[in-house]
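Per-entry structural report
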Amino acid sequence: MSIMLLILLQLLVLVSCAPPRCDPGFRGQCKPTVEEKPKCTDVMLSYCDDMPYTQNMFPNILNHKTREDAEGSAEYLLLSVLEALLGGECNPDVRMLGCSVMAPRCEKEKVLKPCRTTCEAVRKRCSHAFDRIEMAWPYFLDCDRFFVSDEEGCYDPLEGLRAEQNEEEVDGMETPPEYRDDTIKFNHHTNAQMISILKKTEEKCEDIARTYSIGRSIEGTELLVIEFSRNPGEHELLEPEMKYVGSMHGNEVLGRELLILLARHMCSEYLLGNERIQTIINTTRIHILPCMNPDGHDLAVSGLQDNNYSEDEEEEERPRYDSSHVGRNNAQNIDLNRNFPDLTSIAYSRRRQRRYRTDHIPIPDSYWFGKVAPETYAVMKWIRSIPFVLSANFHGGDLVVSYPYDLSKHPLQRNMLSPTPDAKVFKLLARTYANAHESMSTSSARCGSSHGVSEKGTVNGAQWSSFAGSMQDFNYLHTNCFEVTVELGCEKFPAEDELFKGWHENFEALLTFMEAAHRGIKGIVKDEDGNAVKGAQISVRGIRHDVTTAKNGDYWRLLTPGVHIVTASAPGYAKAIKKVHLPGHMHTAGRVDFLLKKAELEPDNQEEEDSIPPVGSYDRFDPYNQYERYTLMADVTQNHPESAKKPWWWSYFILPESPEPTWLLKHH
């Protein structure tokens, strides 16, 4: 008992001797807590030690309380691996931009914010590099949120880097290395690398080049076009438009690589003052789609890798299969060069009519009930939206230029010479490419199945191998565009050390064919008030195929040298007729304008027009709104991110006891 009393007394003494508890109700008992103000400290983040300042402050702009918090964040992890992720592109620009937010500049115990103009310039130059790996532009590089204007007292976080770049430019001013052809590497490119090169070319030649997308493949890869023109993005009056299309068969890759090289070459040579390239670009609007079938290309690459087994393996252990056709079709297993509307059969069915036409044949409604690939759909819309005059699409497996028709007029569709009304023009175009090619027109260069029917490197498609639904037949029968198919060689997927040879053999032909867009005649059709007549028909006597005027009333009609009787007509106007003589040595289009006078519509002509069986209005494109369906098919990952497969780099950024960095996902 006495022991218990002793313990209680000791406790009372301790309590009575303890300092008074802080009670806000009693004045003077509580001392106010003084928070220590953040101070400037030395920059200790290792990936930010090359910034143009030596001190930073925490908490930083992202509210990381300490340097340790910043180093353990997904944001800093991203900065540390950016160079590897982007393949060295935009390094160190993006990293230093991120450091300006993660380790903010501090002077006189005050944080200075980076300039918004610097951020915007870097984003414009580098956003495509993030697109290439399907990564969103980092949220902490939001130019409006974390950067300020010049008026607010900002600084340039790349000022030290700019000084180094300026020194390099001065040293290399005489011969800029980025514009020399010897810097171009002759190697195969992935889809991501191809898109990156086109974007870089656009940036390098922004005054004459523009990239734009015409759609996506079934797997969601962008179908990216690069355009060259004096005024990119605009149709100029009387300036012809032409296009090149590569790899509609994904396993036929030389055309794809040639068009990538061509885009880079045209950009660099224009900047170097190459007069021929400058003339082509200043007088022609050129559109280049290097790859129409990117999904097939991926399949072809994987098939080639799967079939590359070591030679010392025993024969019986090797898988025996032919990979030469892997990747030919798209991801739906559709052959894109058999997937266009069969308008050739319609043209043949009209031949017995008195005034049958083989131009601007509408797409039959029945076509839309079939399986139309998103790539085909995108290219059809593209062809209809621009007044193309000339085109070539590139294949592999033979060495020849094929011209329409591709579908034979034989009742059983057996191989048979089946020329178009413009056979002379097509032969001239085919010879233009074949003769400019280093060896295509020589007999010693023949290869493939065309050998027995081709003539000096050219062949009629139906005489060689008849089939329906080709892209070149669709171009001719549905639009003003004259397209040929260029087979670049027997090897569909040549080795990298063969690419230089392919470029050397085709370089002159690629340029010469562009210049062919200026053959024939061009002009403007106006009414008596000086207004442009859109959709007027330009007819040439003896050729049952008309072209029509664009929205500004201008037209282009490819013709062979000689004397031609040309007529311009439009509903509600009297016809205008002119006689034109094109000399053989003339390589620029002759100017032939027309003035149409108002007139009553002739009943006889109306009856003749009505006698043509209706196939549907020309403007009835996609009458069942398939566009939305194809968009959903191609953009499934964009529209359904919750079920989409995460990018290959995603797992690297998952940190223990940290929320998932969904801000990295492009379509979150």
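Now for a description of the structure that goes with this document. (Residues numbered from 1 in each chain as written. Predicted model: local features only at pLDDT ≥ 70, side-chain atom pairs only at ≥ 80, totals over all residues. Heavy atoms only, no water.)

With that settled, the discussion passes to unusual backbone geometry. P92 follows N91 through a cis peptide bond whose omega is 5 degrees. One can find P92 in the loop between α3 (74-85) and α4 (93-102). The omega torsion of the bond from P404 to Y405 falls at 0 degrees, within 30 degrees of zero and hence cis. Tracing the chain through its elements places Y405 in the loop between β10 (398-403) and α14 (423-436). Positive phi is not limited to glycine here, since N63 has a value of about 70 degrees. For N63, a relative accessible area of 48% translates into the label partly exposed. With a phi angle near 60 degrees, E134 is a residue other than glycine that sits in the positive phi range. Examined against the element boundaries, E134 turns out to sit in the loop between α5 (116-132) and α6 (143-146). (Helix = DSSP H or I, 4+ residues; strand = E, 2+ residues; numbered from the N terminus. Buried < 20%, exposed > 50% of the residue type's maximum accessible area, 1.4 Å probe, protein only.)

It is worth spelling out the state of the cysteines at this point. This model, assessed by the stated rule, comprises six disulfides. Each sulfur of the disulfide joining C90 and C126 lies 2.1 Å from the other. Sign of the S-S torsion, about -105 degrees for the bond between C90 and C126, identifies this disulfide as left-handed. In this pair, C90 is assigned in the loop between α3 and α4 and C126 in helix α5, connecting sequence segments 36 residues apart. Accessibility classification places C90 together with C126 in one group, the buried group. Linked covalently through their sulfurs, C205 and C267 form a disulfide whose S-S length is 1.9 Å. With the S-S dihedral at roughly 85 degrees, the linkage between C205 and C267 falls on the right-handed side. (Disulfide = S-S within 2.5 Å.)

Right, let's talk about the nonpolar core for a bit. Residues F228, Y244, L262, W382, L429 and Y433 are the most contacted members of the largest nonpolar core, which totals 92 residues. With nine residues, helix α9 (residues 254-271) is the single largest residue contributor to this core. Every residue in contact with L429, bar those within four places of it in the chain, is listed here: L390, F482, V484, F513, A516 and L558. The next biggest cluster of nonpolar side chains, apart from the first, holds 45 residues, and it includes Y53, I133, F140 and Y155. (Core = buried A, V, L, I, M, F, W, Y, C linked by side-chain atoms within 4.5 Å. Contact = heavy atoms within 4.5 Å.)

All right, on to the pairing of strand β13 (residues 521-527) then. A regular strand carries its side chains on alternate faces of the sheet. Buried residues dominate β13, accounting for five of its seven residues. As paired strands, β13 and strand β16 (residues 554-557) are joined by four bridges and run antiparallel to one another. Directly across from I521, in β16, lies its bridge partner R557. Two elements, β13 and strand β19 (residues 590-591), share two bridges in a ladder whose sense is parallel. Residue K522 lies in a different strand from β19, and its bridge partner there is R591. (Pairing = 2+ DSSP bridges.)

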